[in-house]
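# Survey of secondary and tertiary structure
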Amino acid sequence: MKKCIGCGATLQCIDENKEGYINEKLIDRDNTYCLRCHRLRNYNENKEVLKEDYLKILSRICNTDALIVHIIDLFDFDSTFLPQIKRLTGQNDCIICANKVDLLPRSVKPNKIINFVRHRANLDNFKALDVVLTSAKTMDNITDLVESIMKYRNGRKVFFVGCCNVGKSSIINAILKKYSDESKDIITTSNIPGTTLDFIEIHLDEFTFIDTPGVFNERQIINNLSMESINKIVPKKEIRPINLQLDSKQSVFISGLARFDFVDGDKTNFTFYFSNDLLVHRTKLENADNLFNRQIGELLNPPKKEEYEMLKYYSETLNFDGLKRYDLVLSGLGFITIVSKCKIKITTIEGVLIYTREALI
Ligand SMILES: Nc1nc2c(ncn2[C@@H]2O[C@H](COP(=O)(O)OP(=O)(O)OP(=O)(O)O)[C@@H](O)[C@H]2O)c(=O)[nH]1
Ligand SMILES: [Mg+2]
């Protein structure tokens, strides 16, 4: 059975609407891509196909003695850190690869991020042999990841697992570019969740790397919005922080996706870390409702008007003691650093988790 080298689907010439379809004239060639990969790679055009159940596919790892590289997206840690990966992969040894580090401002200290990841893993009793921060985009620490894999692999196959879109395929492409003659991306990657459809086995020297389909997590914000909106929300490059000095009774909109109300406290600075394509807009608290109702889907976009109709919002009120610097995190969207004693009401869309942590920066 021949497989597509881009997504791992078994190639077939029968049904164009099922995964792995390829024109029969092409099927006898070596190293071919299916029609869907061809379109994704050349035109960034998604062809929806009926997908196999990824959980069934992943469960094949359970019976293999393997090293697991659990890849998470640092910009959407909460939705992409999956403690259940241990169970899904048969309690095999695991390394955490925290990817997309290029999106965080360079001023973030790597050790702080690593400690944060370790701390969160410990809270879930998740044992990781190592935590490595990487960027498949800028090739940061790809050698560190490979060294860690070499240290812990003990001759086993290495599976790259994690949520959709965290960069599993991109990481393997990055390793291939670094350690072989390959100069282009072998495996198909895209910002569409569910790009990889089946195991893709890559042999490099004595290593066997296996790319896997992403675990679908309904909490990931990418599931509920259009590609156009996602492209604005998910940062493409290093975030430029926006520093605002606010008086109490002022509000800040993050496009139409979140609203930050400074309810009580002395005049102070807040730093907003969101994709550079989102609007960070200040107004008076008393005008905020009105502005939202008039401008949602217009100035406050994303979401688009028709998406807004489908979304639900919720609020939380939080008190900060000013004794430490804290981040108020909106999972998948970004975070706000708070340095003073204050009371904040935060509103955002359902699916985005609100929580606080000690400031990363
Ligand atoms: N900024 C940045 N983007 C990245 C990085 N790694 C991957 N991406 C982007 O994230 C998107 C998803 O990458 P993929 O490699 O297709 O992710 P995946 O985990 O294999 O996704 P599935 O196959 O759908 O499970 C693509 O648009 C990549 O270009 C990174 O380190 N930094
Ligand atoms: Mg993939």
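Residues numbered from 1 in each chain as written. Chains lettered and ligands numbered in written order. Predicted model: local features only at pLDDT ≥ 70, side-chain atom pairs only at ≥ 80, totals over all residues.

So, about helix α6 (residues 142-153). When the terminal C-alpha atoms of α6 are compared, their 16 Å separation across 12 residues agrees well with the 16 Å that a helix rising 1.5 Å per residue should span. Tucked inside the fold, the buried residues of α6 contact β1 (66-73), β2 (93-99), β3 (130-133), β4 (157-162) and α7 (168-179). (Helix = DSSP H or I, 4+ residues; strand = E, 2+ residues; numbered from the N terminus. Expected span 1.5 Å × (residues − 1). Contact = placed C-beta atoms within 7 Å.)

Before going further, it helps to spend a moment on the pairing of β4. When you tally the buried positions in β4, you get 5 out of 6 residues, the bulk of the element. Bridge count for β1 against β4 is 6 bridges, and the pairing is parallel. Bridge pairing in β4 links A66 to K157. Where β4 meets strand β6 (residues 207-211), 3 bridges bridge the pair, whose relative direction is parallel. Note that in β6 the partner of V158 across the bridge is F209. (Buried ≥ 20, exposed ≤ 12 C-beta atoms within 10 Å, placed from the backbone. Pairing = 2+ DSSP bridges.)

Another point: the sheet that holds strand β16 (residues 354-358). Taken in spatial order, the 5 strands line up as β7-β10-β14-β13-β16 in an open sheet, and their pairing is antiparallel. Only two strands of the sheet have a single neighbouring strand rather than two, namely β7 (242-246) and β16. Strand-to-strand twist of the sheet, defined as the mean angle between neighbouring strand axes without regard to direction, takes the value 25°. Where strand β13 (residues 326-330) and β16 come together, 5 bridges link them in antiparallel fashion. Following the sheet pairing, Y326 is matched in β16 by E358. (Axes fitted to C-alpha atoms, helices over the stretch in contact; angles between N-to-C directions.)

In this fold, I200 is placed in strand β5 (residues 200-204). Taking the number of C-beta atoms within 10 Å as the measure of exposure, I200 has 25 and is therefore buried. For the pair formed by I200 and E182, sequence separation is 18 residues and the distance between their alpha carbons is 17 Å. Residue contacts for I200: discarding those within four places in its chain leaves G8, I187, I210 and D211.

Let us look at helix α5 (residues 110-123). Compared with an ideal rise of 1.5 Å per residue, which puts 14 residues at 20 Å, α5 spans 20 Å between its outermost C-alpha atoms and is within 8% of the ideal. One or two positions beyond α5, positive phi appears at N125, with a value near 55°.

As a further point, take the sheet that holds β5. Pairing is mixed across the open sheet formed by 6 strands, whose spatial order is β3-β2-β1-β4-β6-β5. Looking at the sheet topology across the chains shown, the edges are occupied by β3 and β5. Ignoring which end each strand starts from, the neighbouring axes of this sheet average 25° apart. Its contacts with the sheet put α7 on β1, β2, β4, β5 and β6, and the angle it makes with β6 is roughly 150°.

Here we take up the site of ligand 1. Near ligand 1 lie 23 residues; those nearest to it are G167, S170, T189, T196 and G214. Per-class residue counts for the shell around ligand 1 are 6 nonpolar, 13 polar and 4 charged. (Near = placed C-beta within 6 Å. Nonpolar A, V, L, I, M, F, W, Y, C, P; charged D, E, K, R; others polar.)

Just geometry here; none of it tells us what the structure is for.
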